[in-house]
Amino acid sequence: MAGKVLLTGTMTCAPDEVDHVLALLPEHIRLSRAEPGCLQFDLWQDEVRPTEFHLTEVFRDARAFEAHQDRTQSSDWWRVTHHMARNFKKSAA
């Protein structure tokens, strides 16, 4: 995919997982925003449905997006959240 990569969507956890997700959220956001090629990274908890988290991320190009995916998959964030339902859409930004 040439050009910027946009990923949007939601991740849903079980009610008993919310506190653990919230504990890891600030560090995951900080590390993601610090990555080369990250233009935007926003991940926040839904105010009405606390088990739902919304995501918007933009990376400079496919290489930067793939590097983000690689880093994430070796992180505490992935260790805790990999099994959670994700409804993400990837497109050109």
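Residues numbered from 1 in each chain as written. Predicted model: local features only at pLDDT ≥ 70, side-chain atom pairs only at ≥ 80, totals over all residues. Heavy atoms only, no water.

Participant: I keep staring at the packing of aromatic side chains and nothing clicks. Help me out?
Facilitator: Two numbers describe a pair of aromatic rings. These are the distance of the centres and the angle of the planes. For the structure shown, the criterion picks out one aromatic pair. Here the aromatic rings of Phe-59 and Phe-65 are separated by 6.0 Å at their centres, their planes lie at 70°, and the arrangement is edge-to-face. Comparing Phe-59 with Phe-65 shows no difference in burial state: the two are buried. (Phe/Tyr/Trp six-rings, centres within 6.5 Å; stacked < 30°, edge-to-face > 60°. Buried < 20%, exposed > 50% of the residue type's maximum accessible area, 1.4 Å probe, protein only.)

Participant: Even after reading the chapter, I still don't get the packing of helix α1 (residues 18-33) against helix α2 (residues 62-72), so can you show me in this structure?
Facilitator: One can describe the packing of α1 onto α2 by two numbers: an axis separation of 11 Å at closest approach and a directional angle of 145°. Remark: the crossing between α1 and α2 carries right-handed chirality. Between α1, through His-28, Leu-31 and Ser-32, and α2, the contact on the second element is made entirely by His-68, Arg-71 and Thr-72. By residue class, the composition of the contact of α1 with α2 is one nonpolar, four polar and one charged. (Axes fitted to C-alpha atoms, helices over the stretch in contact; angles between N-to-C directions. Helix = DSSP H or I, 4+ residues; strand = E, 2+ residues; numbered from the N terminus. Left-handed = near helix turned anticlockwise from the far one by under 90°. Contact = heavy atoms within 4.5 Å. Nonpolar A, V, L, I, M, F, W, Y, C, P; charged D, E, K, R; others polar.)

Participant: Hey, could you run me through the pattern of salt bridges in this one?
Facilitator: Pairing between side chains of opposite charge can happen when the charged atoms of each approach one another. The tally for this structure, following the rule as stated, stands at seven salt bridges. With its nearest N and O atoms 2.9 Å apart, the salt bridge here joins Glu-27 to Arg-30. Of the two residues, Glu-27 and Arg-30 both sit in helix α1, three residues apart, roughly one turn of that helix. A salt bridge links Glu-52 to Arg-49, with the nearest nitrogen and oxygen atoms 3.1 Å apart. By relative accessible area, which is 41% here, Arg-49 ends up partly exposed. Bridged by salt links that share partners, the residues Asp-46, Arg-49 and Glu-52 form one connected network. (Salt bridge = Lys/Arg side-chain N within 4 Å of Asp/Glu carboxyl O.)

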